[in-house]
Amino acid sequence: MKAMILAAGLGTRMRPLTDHCPKPLLKAGGKPLIVHHLERLAAAGIRDVVINVSYRAEQIIAALGQGEAFDVRIHWSEEHSPLETGGGIHQALPLLGNSPFVLINGDVWSDLDPGQLERLADTDLARLVMVDNPEHHPHGDFHLTSHGKLQAEGTPRLTYSGIALIDPGLIADHEPGCFPLAPLLRDAMQQGRVSGHHHRGQWVDVGTPERLQVLDDQLRQADTQNANHLITSNKEKTHANHRKVD
């Protein structure tokens with residue numbers, strides 16, 4: 001399976017942080033946002049990763065290279081100007097192939113294991129990872145039925161996480177150019193061809209400098225706790241070995 005990370009946006013909501021740095025390279029927990037995605041994909045065994053770039057593309061390409069440092073193979077899809085989500089995917093289809101692929105928005109963070117997403121049903125064109133509605137988006141996006149299908153209407157509603165499994169057929173027949181993905185998803189929902197996966201783990205929409213700071217604090221705190229746990233564990237093992245010797 002392949003994956004695509006969307007990294008071509010201008011990052012206007014993140015200004016002034018993105019005035020000189022593209023959003024995918026902004027750091028949380030000591031590493032760029034996009035590196036968190038690459039590491040999680042590699043851990044799931046997903047090695048071929050397509051990344052679309054436009055704004056400050058040269059900085060992103062220089063920072064990540066061909067992906068050797070992250071145990072993946074990066075294939076670059078450069079856009080002269082941002083093509084929006086749908087247009088960016090359409091341009092990258094020759095790099096993605098004919099099989100379903102994992103799609104990840106570059107400006108989210110989650111502990112979801114992408115390798116655990118179920119395969120698409122024969123008639124489905126997409127499976128969207130949904131999360132509980134955050135405070136900044138209380139009304140959600142779509143309704144997840146008891147049969148696991150997503151609908152544009154209905155309650156209760158969940159929020160689209162920016163992570164999905166996409167069949168290339170959802171995009172392939174559209175004319176190339178600049179266009180959004182959402183209308184294609186809504187059309188497929190009306191046909192009953194979009195399912196949902198409710199992720200109840202951690203997820204952050206890193207859409208503002210304030211939310212980036214919150215995520216950075218959380219990840220650094222988690223790293224500190226893990227380090228302290230490791231130190232305590234090593235001390236306990238050392239004491240146990242000393243008792244054995246005595």
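Residues numbered from 1 in each chain as written. Predicted model: local features only at pLDDT ≥ 70, side-chain atom pairs only at ≥ 80, totals over all residues. Heavy atoms only, no water.

Caption draft 1: Inspection of the environment of His-90 at higher detail. In this fold, His-90 is placed in helix H3 (residues 84–96). Excluding residues within four positions of it along the chain, His-90 makes contact with Ile-171, Ala-172, His-174, Glu-175, Pro-176 and Phe-179. (Helix = DSSP H or I, 4+ residues; strand = E, 2+ residues; numbered from the N terminus. Contact = heavy atoms within 4.5 Å.)

Caption draft 2: Highlighting helix H5 (residues 182–190). Taken together, the buried positions of H5 are occupied by Leu-184, Leu-185, Ala-188 and Met-189. For H5, the arc enclosing every buried residue in end-on projection is 140°, short of the 170-degree limit, so these residues lie on one face. Looking at the buried positions of H5, the neighbouring elements they touch are strand E8 (126–131), strand E10 (150–151), helix H4 (169–172) and strand E12 (194–198). Looking one or two residues past H5, Gly-192 carries a phi angle of roughly 70°, positive in sign. (Buried < 20%, exposed > 50% of the residue type's maximum accessible area, 1.4 Å probe, protein only. Arc of directions from axis to C-beta.)

Caption draft 3: Broad picture of the layout of surface pockets. The volume enclosed by the largest pocket comes to roughly 970 Å³. When contributions to the lining of the largest pocket are tallied by element, the ones reaching two or more residues are strand E1 (2–7), H3, strand E11 (159–166), H5 and strand E13 (203–205). With four residues, the single largest contributor to the lining of the largest pocket is E11. Within the lining of the largest pocket, the residues separate by chemical class into 16 nonpolar, 12 polar and eight charged. In this structure, the second largest pocket occupies an estimated 250 Å³ of space. In this structure, the second largest pocket is lined by 14 residues; those nearest its centre are Pro-134, His-136, Trp-203, Val-204 and Asp-205. Put simply, the parts of the chain that give the lining of the second largest pocket at least two residues each are E13 and helix H6 (209–245). Each residue belonging to the lining of the second largest pocket can be placed in one class, and the counts come to five nonpolar, five polar and four charged. (1 Å grid on protein atoms, 1.4 Å probe; cavity = no way out; pocket = protein on both sides within 12 Å on 5 of 7 lines; lining within 4 Å. Points joined across faces, edges and corners; volume = space filled by probe spheres on them. Nonpolar A, V, L, I, M, F, W, Y, C, P; charged D, E, K, R; others polar.)

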